[in-house]
Structures are given as C-alpha cells and as structure tokens.
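Structural features, examined
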Amino acid sequence: MPFAPLPPDEPRRLAILDSLGVLDTPADPVLDGIVRVAALLTGCPVSVVSLVDAKRQWFKARYGAQAQQAPRELAFCAHAILQTELFEVADARLDARFADNPLVTGEPHVNFYAGVPLMVDGHAMGTLCTIDYQARQLTDNQRDILRDLAHAVEHWLRSQHLHEQLNRANAERRDLLDHLPDGVLMLDQDHQVMDANPAALQMLGYSRSELVSKHVTDLVPEEEHDRLARAIAEIPGSAGRLNEWPHRRRDGSVFWAEVSTRQVDARRFVSVLRDVTERRAQDQKLRLLSMAMEQCAESVHITDLDARLQYVNAAGLANSGYELHEMLGQNPSMLNSGRTPADSYRAMWDHLLEGKPWRGRFFNRRKNGVEYQEDAIITPIRDAKGQITQYLALMLDVTEKERLGQELACYQQHLEELVELRTSALVKARRAAEAASESKSEFLATMSHEIRTPMNGVVGCIDLLQRSALSSYQRELADTVGESALALLTIIDDILDFSKIEAGQLTLESVPVSLVRLTDSVCDALRTTATSRSVDLQVDVDPGLPDWILSDAGRLRQILNNLLGNAIKFSADTGRLGRVELRVQPCPPGQPGHLEIRVIDNGIGMAPEALQRIFQPFVQAEGSTTRSFGGTGLGLSICKRLTSMMGGWIVVDSQTDQGTTFTVTLPFKLTQEPRRTVSERPMSAVQTGPRFAMAGSPLVLLAEDNEINQKVFGHQLALLGLSVEFASDGLDALARWRAGRAQQRYALLLTDLHMPGMDGYTLAATIRTEERDGPRIPIVALSANALRGEIDRCRSAGMDDYLSKPVQTDQLDEMIKRWLPSDGAQAPERFGLGECEELDVIEVELSPCDYDDNALARLLGEDSTELAEFRQRFVLSALTTMDEMRRAAHSSDFVTLGNLAHRLKSSCRVIGAVSLAACCERIELAGPDCSATQMYRHMALMEDALAHVMTRLSDHIGVQFSDSTN
C-alpha cells in the first residue's frame, strides 16, 4: 500500500494547525451539526471533520464513526490534503492506492470516500469528508453541498485562529503590563478604574477587586480635586503630558507619582504612574544642599582633579571680588598673594593625592589688590565607586579675627599687669576679711559668755528662791521674775543665733535623731504652758516615717519650739478653746526622701499683706502684735534660715481669725538607732552614793572662776544632796584632783570652759591623759557660750557631758542622775560605801501620821545643827516638789507626776517620813494608766501625810509651815 507523500508546505501547515489550538479539544456543537447534515445530505452513514497532524488524523467532529483518531499512513485524508478540490474515491477496492488498506480490507470495510480540503491561510489543515461501506458516487448537487459545508468549517477554523491570536496578544500584553515597573491604570470614559497592573496595585495598596470601579478622585487628596478636574478636561488631544501628583494609599499614607494619561479610544484611557517620592526627596535634598552652599557664609570652591574651578558660591565671589565667569575654569592660585608658604601647598597636595583632607591657611589677594587671610579645609569628593572626582574647599575669612586677636593680646598683656598690681591689694583685703571674721567669731563667743554668766546667777538664784518657803505674794513675785529672766534668755539666744547665722559661724550636725522621741519631748515640755492657757496641744507622727533619721536634733528642736510656742501664744485668749496640732508625715511620692512638719493652730491668723514680711528679721505681722504678745521678731527668720541650711524650705498659710499653718519640708536620710559607746556610759569605777551633803556622800569638784556662780551651783548641789568643793580656776582644780586621785576623792568634776590660767578644755584633756588605764572621773562642761562648735570641742577634750548656762536645778539633777546613778535600779538610795545599810520597805497600810523621828539621826549622827540644816533642805525640796506634783495632777500629766513622786520618795525615807514615802510609791506604781479619780485619791492621802510631816518637822527646826502647805 503506497503512503501519501507529505505536502510541500508541511512545516508551515503543522505550525498553523498548532496555532489554532483545536487539537484534542472538546467537541463543538457547530461542527457536530455540520457533519450530521453532511452525512444526511450525501446519504452516507459516516461524516467527520478530520485534522491531520504529523502522525495521525484526529476527528474534531464525527457522525457515525466510533474511533476518535486513526494513523496518518492509513488515512484517506492524507491524500485529500494534497488536493485543492474535492477528493472522491468511488470504490476503494478497485483503487491501487487503497485496495490493500487495512481500513478497506478489514473493519470498518471502507469502500467510498469523498473529502474536501479545509484551507486556512492557503494551507490544508484536514478535510470535511463522508464515508460509506458501499461503493458509490456523489451527485453534483451532493458535491456542491459538501463543498459549501467545508467552507463553513473553514470559516469556523479561521475564526478560531483569529480568536487564538487575540488571546495570545492579550496574554502577551497582560504579561508585559504585569512586568512593567511602572503602574498602569485602564480607565473608562468616566475615569473609573477598569483594570490595573500589579505595580499600580502595590503603589496604591489595593487589591484588584478593591481598585476596580474606583474613580481617580478617590486616589488623590481632596485638595487636588480642582486641579485634577482641569487636567482631565485637557487629556483629549494632548500628547500624554507628564505631571506630578500626590496619591493617597489605602492606608491613608501619601506618595508622589509622575503620571502620563492618554486616550486609547472614545471609551478608554490609560494612565501610567511612576513613584517619584524618593526622587523628590533627593531633589529636595539637592535643593537644600545647593541653597546651603550658595548661602553659606564661608567661601566654597569646587575644582576638578587638575584644580580648575567648577563652582564658586556667592561668598567666594564676594570675598575675592571677581565675577563668576572670571573664575570658572581658572586655577584658585589666581588669588595667591605670594605670602602663602610653599610648604603649605606641598602639604596640601600630599594630603589630597593620598585621599586625605587638608587644613591650612591661605594669604590671598582680592581683585582690588587688598590682601586677606582664609582658613581652608579641602576635602576630596568621591563617586559611588570610591574614585576621587573633584576637590571641595571651604574657606573662612579670618582677617578681622586676626586683627581682633592681636588687639586682644595687647589688652591681655595690659590686664595681666593690672592683675599683678591688684593681687597684693586683694591679698591684703582677704587677710583683713579673715581677720574681721575671726574677730567677729571671738566677739560672739565673748558676748555669749559675758551675757550668759550674769544670767546664770539670776536664773539660778530665782530657781533657788522659788524652791524656798515663800508666801503666796512672794511666790508670785518670784515666778514673775523667773518668767521674765527666761524670756530675756530666749531673746538673748535668738539674737546670738541670728548673729551666728549672719556671720556664717553656725554649723549643723548630722546625727541619728528619733522623730517620735524628739516631737514627744518638745510637746511634753510645752504642754504645761498650753494647758495653763487653755490650748489643746496634739502631736501626730505618721507611722510610715522611719524611726531614726540623720539630722541636727538641737536645731530641729529649736524650729519646733519656735513654731509651737508661737502657735500656743497666738491661739490663747481668743474667746474659744485654743487648738494646736503638730503633724509629721512623709511628703507625697513626687518628693521622695523628704518629710513635712506642719504646725496648725486656730489662733488669730494673719492678713495676706503680713505674710509677705513675717520671715524678715526683727519684723512681726503687725505692730500691735509686738505690744500684745512680745518677742523680737527673730524666731521665724531663724527658723527659715535653719530650714534652708538643712536643705529644706518653710511656707505659711493663714487667714485672719481662722488660724495659721506653717509647713516645714526637710530632706532626710535613713539611719539605725545609735549604739551607746563605752564613753557614753557612766564609768563603773566612779564612786556613787546618795545625793545628800552628809558624811560619805559623793564629793563634786566645781571649777568656776565666778563667785556668784560658785554660790549658785553650791546651793543647787546642796539642794540635790551633794557635797561640793570649789576651785577658782583650772590650775587649782587640776591640783585638787591630783591630790585626791589616789583616794578617788571626787565622784564628779563640773568645770567652766573659760577660766584664767587654764581653761576647761585643757583641764579635761590633762586629766584624761594622766588617767590612762586608771579610774575615770566623769567630767561635765559648764559653758555660757552655747555655740555649736563648743560641744565638739568638749567631746574632743574628753568630757562626758555638757550644760549650757544658766543651769536650772532640774537640769543639774538630770545630769547628776546620769553620771552618779544609784547602784541598783530598784534598791533604795545608798549613802556612801559601807556607812549606810539598805532599808527594806514593806508594803503595809500606814497611817498618815507614821513618822520616824530617829531615822535621820541613825544615818548622820547626833549633830543637831547638821540635822536641822538637812531637815530645812528637805522641807524646801518637798514643798517645791509638791507644788510641781499638784500642777501635774491638775493637767493629768501622770507620767511627770510619777517621776516627781519617785524623786521625793527616797528623801522621805531618809528623813523618816514613812507614810509620805508610801504615798509617793503608790503614785509612782499607779503609772500613767491610772484613772483620774484614783489618782486624786492618792494625792489627797499624800496631802494629809505631807501636812503631818511639816508639823513634825516644825518641832525640830522651829518654823511653822501652815502657809506653805496650803
């Protein structure tokens, strides 16, 4: 069986067939209808549209055929595509080309075939053919019908070819748009988005579905809408002019794009967008750099590698005097005056050729011939590859600066001469100032001593007088004098403190201070005064404050005493119950490490204009205040300055007739409760004994050069039950101590600090040096200076305690208790070592009349004069203590009442007043929690017992005490 030869255009034919894209595609209803009509009209059982590729014939449409394809070598169509007209085989069995074809000799036994070539672009793609299993011939009419149907199939194929070409073109266009870096928007005639490429979607931040149908006005800020409307109107007929527009992304951010819009046809527009945000920023940066260079006050030159000028800024032109066209292309050496050293140029080129910047100075000449100097910095400019392309020179005209520098050097030299001349004068002035300051300090110390020394005699004598038996009128006069003396002492203290502050002589300590103890002690000391003036004094310390802080306890106490004293004074006698409250609390969180001290009263208050001047020295709120309430006007000024020295501040809030609130804010640092050192404790070697002037009693050595003070201290110590020996100065005291050292004659040394011959500091230091490891005598300083530095000097000299003159008897008593304590805390007082026996007190019910006439004689002997003197002292002490106990009971101060009862109890037992001692012990044991009713009952029993003791003692000393005991 001969095979059909290949058409001469086979490669092209196969390419067109492949481009149709119809091979191996689903059946098409149009072609299915054509083959059905062809079979019916030709009377053939089979009709197909056959497409012939390189190896097979494939049936795109078939009617009456079961197979989908057949090999090309067996296909009748392989012969038909070689024709240009209808190819007809009437009987295949008789045709040598097909007689032995398996399709003829076997199934399906094809005998008749008629096929029309299907032409596309002049090339046969296949055939529209009919097949019969019987030999036959078509009529002419049937042949025409078959040709017409073949033309229809050809039209279908050409349409398919065109459609495929359009699809391919669209795909290529889409692929091109998808890969464009610029954004592309397809717009309809209303300028709504029809399509967008990925670059546009990325620029705008939308998905394609979100962007489609949006109007272009939705993509630009509202302020650009008017300009956009004008631009849209100009698009028809334009050549796609480029414009820059701000665009708003989906997230609201704005970017700039360069936009070109063209009209495609009557219904479509295309816009191309290019993001120029970064370029605009670069342009703006370049503009700023250009403006900076052009407006720079320094000369700017840019040259090429051959040192030819390429750029000169305005300052460079102004400095040189040349025009721009005169300098461009020239070498900067045109400005050289000839005074620039050659070494400078060599160094410059060495640096530049190595790629390093150079600094130096040029001596140039302007166009008009005037010379000037410029400090230059020349730097190589590199391109993106790091290659040097130009040189940049920044030059500053320093001509005027040099001139001023020379003038300044002349002035400086002249000034140094003046300074040298003035130095000696300043040294002399400084020395004079130091001498004046030292003189002022000495004057303050001297004045303090000279004023306080006579005041010690006044206050001490008044104290003793108040403790003696006086009539009511005499006691009233003594109390008035005592109050006046204390007021005068307060004024003296204020003036001295203010003077020390003004002179810069006041220094602050930083020692552990217990806020609770300090505030309680201050309020306890003032409570009696407050109660007597019908003022309720309250204290509230916030538990959130630390137990111990670092501060100056003395100055903090001084501030509290001043503020609380003023508050009590101005809250009394207002027609209503006075109220003063002390609050101590931490500051708010905004002021960590600070505390607030508030003193609040409901007193007379102050007017707003008075608040402006109350902290000024020697000034009070009103002139009438001074007359009504007294005072120097220094207290608040001192408080303000002390507060400032402590690093804090003080403010006041007040309303007339409503009250006043002072708020002191101070910084603080936490600390631990101090441990008592050995030097702070009473020495175990100190001989102790009862505080009475009798045989075997402790002997106090008093070093004091003032005779009045000797007499006052002697009476006070005698009143406290102590023997005293006087030394007129430090040398005398040292000699007496040395003489009695072996026998430990003296139990305590009281010494003035400022004495002729040897002062108290030297005396204490000498004793401490000689004591070494032997017994140690307590030494207490007595000073009228009251200066802060004195306490430190006393401590350094080896002294144990300090009392400031004038010294009241109670202060002296507290000091004696501290340094001459009883041997046992619970045992009765002892009267010497080995000479007195302890007395056991048995708790029994005693009559107020129980009195032992012989008790004192058993202790002191039968000397009637000594017994009478001792009983006289007891009477004075007992009457004074009783007065204090009455005042404490009246103010319900049961703590003070118990302390006073304890003090009187021991004396009562010594004198033999057994029932009175028992009454004292009951009051002492009752404690502060005792009810007022019970305490008044104890006091009533004590009054009876005291009256009986006074009666019994009157028999011994011949004095009547009826007035004193009332």
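Because the structure is predicted, anything quoted here is derived from the model rather than measured. (Residues numbered from 1 in each chain as written. Predicted model: local features only at pLDDT ≥ 70, side-chain atom pairs only at ≥ 80, totals over all residues. Heavy atoms only, no water.)

1. Some words on the overall build of the chain
When helices and strands are counted, the chain shows 29 helices and 28 strands. Counting only residues that meet the buried cut, the chain has 43% of its 966 residues in that class. A separation threshold of at least 6 residues defines the contact pool for the chain, and within that pool the share at least 24 residues apart is 61%. A total accessible area of about 50,200 Å² is found for the chain, and carbon and sulfur atoms account for 53% of it. (Helix = DSSP H or I, 4+ residues; strand = E, 2+ residues; numbered from the N terminus. Buried < 20%, exposed > 50% of the residue type's maximum accessible area, 1.4 Å probe, protein only. Contact = heavy atoms within 4.5 Å. Areas by Shrake-Rupley, 256 points an atom, 1.4 Å probe, with all protein chains shown as cover.)

2. With respect to the sheet that holds strand 21 (residues 594–601)
Pairing in this open sheet of five strands is mixed, and the strands run 18-20-21-23-22 from one edge to the other. In this open sheet, the two edge strands, each paired with only one partner strand, are strand 18 (535–541) and strand 22 (649–655). Ignoring which end each strand starts from, the neighbouring axes of this sheet average 10 degrees apart. Bridge analysis of strand 22 against strand 23 (residues 659–667) gives seven bridges, and the strand direction is antiparallel. By the bridge assignment for strand 23, Gln655 is matched with Gly659. (Pairing = 2+ DSSP bridges. Axes fitted to C-alpha atoms, helices over the stretch in contact; angles between N-to-C directions.)

3. Some words on the pairing of strand 12 (residues 299–303)
The buried count for strand 12 comes to five of five residues, which makes it a mostly enclosed element. Of the pairings in the sheet, the one linking strand 12 to strand 16 (residues 388–397) comprises five bridges and is antiparallel in character. Residue pairing for strand 16: Ile302 is matched across the bridge by Leu392. With three bridges joining them, strand 12 and strand 13 (residues 309–312) adopt antiparallel strand pairing. Across the sheet, residue Ile302 finds its bridge partner in strand 13, namely Tyr311. The antiparallel hairpin formed by strand 12 and strand 13 contains five residues in its connecting segment, where Ala307 sits at a positive phi of about 65 degrees.

4. A closer look at the side chain of Lys60
Within the secondary structure layout, Lys60 lies in strand 2 (residues 56–63). Nearest to the buried, unbridged Lys60 among oppositely charged side chains is Asp28, at 5.9 Å. (Lys, Arg positive; Asp, Glu negative; His and termini not counted. Salt bridge = Lys/Arg side-chain N within 4 Å of Asp/Glu carboxyl O.)

5. Some words on the environment of Thr303
The residue Thr303 is located in strand 12 in this model. Excluding residues within four positions of it along the chain, Thr303 makes contact with Arg308, Leu309, Gln310, Pro332, Gln390 and Tyr391.

6. A few points about helix 5 (residues 140–179)
Compared with an ideal rise of 1.5 Å per residue, which puts 40 residues at 58 Å, helix 5 spans 58 Å between its outermost C-alpha atoms and is within 8% of the ideal. By the burial criterion, the buried members of helix 5 are Gln142, Arg143, Leu146, Leu149, Ala150, Val153, Glu154, Trp156, Leu157, His161 and Leu177. (Expected span 1.5 Å × (residues − 1).)

7. Points about the packing of aromatic side chains
By the definition in use, this model includes eight aromatic pairs. Summarising the aromatic geometry, the rings of Tyr345 and Phe362 are spaced 5.8 Å apart at their centres and angled 25 degrees between planes, so their arrangement reads as stacked. Taken together, the residues Tyr345 in helix 12 (residues 342–353) and Phe362 in strand 14 (residues 358–365) connect sequence positions 17 residues apart. Looking at Phe362, the relative accessible area reads 8%, which means it is buried. Here the aromatic residues Phe76, Phe87, Phe98 and Tyr113 are joined through ring pairs into a cluster of three or more. (Phe/Tyr/Trp six-rings, centres within 6.5 Å; stacked < 30°, edge-to-face > 60°.)

8. Some words on the sheet that holds strand 24 (residues 699–703)
Sheet architecture is open: five strands sit in the order 25-24-26-27-28, paired in parallel fashion. Strands with a single pairing partner mark the edges of an open sheet, and in this sheet they are strand 25 (723–727) and strand 28 (801–804). Each strand of the sheet is rotated relative to its neighbour by a mean of 20 degrees, with strand direction disregarded. Note that strand 27 (residues 779–783) and strand 28 share four bridges and pair parallel. Bridging from a neighbouring strand, Val780 pairs with Asp801 of strand 28.

9. Description of a nonpolar patch on the surface
On the surface, Leu415, Leu418, Val419 and Leu421 cluster together to form a nonpolar patch covering roughly 380 Å² of accessible area. Structurally, Leu418 can be placed in helix 13 (residues 399–466). (Patch = residues over 30% accessible without salt bridge, like charges linked within 9 Å, V, L, I, M, F, W, Y side chains within 5 Å.)

10. Structural notes on the nonpolar core
Core analysis: the biggest nonpolar cluster contains 44 residues, and Leu563, Leu564, Ile597 and Phe662 have the highest contact counts within it. Here the element with the most residues in this core is helix 16 (residues 553–571); it accounts for seven residues. Setting aside chain neighbours within four positions, we find Leu563 in contact with Val599, Leu636, Cys639, Ile650, Phe662 and Val664. (Core = buried A, V, L, I, M, F, W, Y, C linked by side-chain atoms within 4.5 Å.)

11. Things to note about the pattern of salt bridges
Under the criterion given, the structure shown has 49 salt bridges. Residue Arg279 is joined to Glu258 by a salt bridge in which the shortest nitrogen-to-oxygen separation is 3.7 Å. Residue Arg279 is found in helix 9 (residues 277–295), and its partner Glu258 is found in strand 10 (residues 254–265); the two are separated by 21 residues along the sequence. Judged by relative accessible area, Arg279 falls into the partly exposed class, the value being 36%. Classification of Glu258 as buried rests on a relative accessible area of 17%. Residues Asp306 and Arg308 are paired through a salt bridge, measuring 3.4 Å at the closest nitrogen-oxygen approach. Classification of Asp306 by relative accessible area gives exposed; the value is 52%. Look at the salt bridges and you will find they share partners, linking Glu244, Glu258, Arg279, Arg280 and Asp283 into a network.

12. Details of the pairing of strand 27
Burial analysis of strand 27 places five of its five residues in the buried class, which makes it a mostly covered element. Both faces of strand 27 are covered, namely the face carrying Ile779, Ala781 and Ser783 and the face carrying Val780 and Leu782. Sheet analysis places strand 26 (residues 748–752) next to strand 27, joined by four bridges and oriented parallel. Across the sheet, Leu749 pairs through a bridge with Ile779, a residue of strand 27. Considered for its hand, the β-α-β crossover made up of strand 26, helix 22 (residues 760–771) and strand 27 is right-handed. (Right-handed = clockwise from strand over helix to strand, strands pointing away.)

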